[in-house]
Amino acid sequence: MPVTAQTSKQPKDVSSPALIHKIYKTSFWKIFWLAGPVLLFLFSLDLLSMACNMLSKELIDSILTATSNPFIGLFIGLLTTAIIQSSSTTTSMTVAVVASGTISLEHAIPIIIGANIGTTVTATVVAFNHIIRRKEFQRALSAATLNGFFNILTAAIILPLEYYTHFLSKLCILISSLFVTGTNATVGNRTHGWIEYSAKYVTQLLPNYPLVTAIAAVFLLFLSIYWLVLTLKSLFVYNVGKKMEQIVFGTRYKSLFWGVFSTALLQSSSVTTSFAVPLVAGKKASLRQVFPFIMGANVGTTFTALFASLSNVDASLSIAFAHLLFNTIGVCIFFFIPVVKELPLVLAQMLGKVAMRYRLAGFLYLLLTFFAIPFLLIFFSEK
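What counts and what doesn't
- Residues numbered from 1 in each chain as written.
- Predicted model: local features only at pLDDT ≥ 70, side-chain atom pairs only at ≥ 80, totals over all residues.
- Heavy atoms only, no water.
- Salt bridge = Lys/Arg side-chain N within 4 Å of Asp/Glu carboxyl O.
- Helix = DSSP H or I, 4+ residues; strand = E, 2+ residues; numbered from the N terminus.
- Buried < 20%, exposed > 50% of the residue type's maximum accessible area, 1.4 Å probe, protein only.
- pLDDT = per-residue confidence, 0-100.
- Contact = heavy atoms within 4.5 Å.
- Axes fitted to C-alpha atoms, helices over the stretch in contact; angles between N-to-C directions.
- Parallel < 35°, antiparallel > 145°, perpendicular 65-115°, else oblique.
- Left-handed = near helix turned anticlockwise from the far one by under 90°.
- Nonpolar A, V, L, I, M, F, W, Y, C, P; charged D, E, K, R; others polar.
- Core = buried A, V, L, I, M, F, W, Y, C linked by side-chain atoms within 4.5 Å.

What about the pattern of salt bridges?
Stage number 1. Applying the stated criterion to the full structure yields 1 salt bridge.
Stage number 2. The salt bridge partner of E342 is R288, with a shortest N-O separation of 2.7 Å. A residue pair is termed long-range when its members are at least 10 positions apart, and E342 in the loop between α15 (314–336) and α16 (343–357) and R288 in helix α13 (residues 287–300) qualify at 54 residues.
Stage number 3. Note on E342: relative accessible area 29%, which makes it partly exposed.

What follows is the structure in structure tokens.
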């Protein structure tokens, strides 16, 4: 009887140079395609911020100093952040004006609140990458606008209370007085300092062309957003699916923690909230699962400004605490109170359903909420 050849598979030699090279190559490209858009996103934000400061710093300062109506201040913060795509830039400019004594802390807080709403425009733009598929677009837009409704509803609760009682500004002054203003707190002030240095180097190459720099920054910003969406789809939505759901969105508290941690690490809530959009669109996480993650991202985005402000004057500390307290109070309201925690989810789902039938509704939400209404109210208030 002939002896048959052994056909059983032999275990792979994990020490094989070819196999190691293959694993290294695969991991390298995964890291590159994941880190690349994030780094480009942060670089473009820094470049755009520096270009805007060179282009119209006097104009922005005059707008900030002209406001005395808290609701107009809210829309100024919203519109400015929606245009420059960075709430940290709006916050830092506001801190500088308050520190100089040009406007009071009470007048600056509505601007900070508006900046918190304006920064949600990025995730909304990301959702439009799914517009071709109706059902997918419905889920993506619901996830993107969930952060917007969370901040709008939080502002609707806190801003009137602040206007009539000044409770937030008084609380911020009280907390900031507990810290020694001379404390050396430069640790964490330049977490991505080399990115800022690179952006500053580019602006120094074109010191007389801030408009060209701003246009280039906008182009890189949208390129990074598009790249980020494609990367998240390929690396997370289609590959890790269930694992990502268990690790990040396993429980409400776990989701909240990862939202705070990842945003504090990346220093950009736009990146982390945009991360949730393709996951919901691809049915790898539900809208209810990502809601705590989004709330955590709003808290995490305040950490950098808080640490950076510890070495500055009391006004800087107060503004940083105002940002932190606003988001923390919002989380406490919509995370723990059963009566109201469903409201942002319901509004986001309703808008998603309407946009699935009439896609123009998504564009109207984007244009009216972040640009048209704030601009018109600011314009007519000056008449």
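Once the structure has been displayed, the description carries forward.
A closer look at the confidence of the model for the protein chain
Stage number 1. Averaged over all residues, the pLDDT of the protein chain equals 76, while 68% of them reach at least 70.
Stage number 2. Across residues 1–15, where pLDDT falls below 50, the model places 4 contacts with residues more than four positions away in sequence or in other chains.
Stage number 3. When the criterion is pLDDT under 50, residues 181–191 qualifies, and its contacts beyond four places in sequence or with other chains add up to 14 contacts.

Topic: the packing of helix α6 (residues 134–165) against α13
How two helices sit against one another is set out by the angle between their axes and by the gap between those axes.
Stage number 1. Running from N to C, α6 and α13 cross one another at 50 degrees; their axes reach a closest spacing of 10 Å. Classified by the interaxial angle, the pair formed by α6 and α13 is oblique. For the pair α6 and α13, the crossing hand works out as right-handed. Contacts between α6 and α13 involve S142, A143, L146, N147, F150 and N151 from the former and L287, V290, F291, I294, M295 and N298 from the latter.
Stage number 2. In terms of residue class, the contact of α6 with α13 is built from 8 nonpolar, 4 polar and no charged.

Quick notes on the nonpolar core
Stage number 1. The biggest cluster of nonpolar side chains holds 71 residues, and the ones touching the most others in it are L146, F249, L287, V290 and M295.
Stage number 2. Dropping the residues within four chain positions of it, L146 is found in contact with L287, V290, F291, I294, P344, L345 and A348.
Stage number 3. Core analysis: the second largest hydrophobic core is formed by 9 residues, I195, A199, A217 and V271 among them.

Things to note about the packing of helix α4 (residues 105–118) against helix α7 (residues 167–176)
Stage number 1. For the pair α4 and α7, the least separation of the axes is 9 Å and the interaxial angle reads 105 degrees. Here α4 lies roughly perpendicular to α7, going by the angle between them. Between α4, through L105, E106 and I109, and α7, the contact on the second element is made entirely by L168, S169 and I173.
Stage number 2. When its residues are assigned to classes, the contact of α4 with α7 shows 4 nonpolar, 1 polar and 1 charged.

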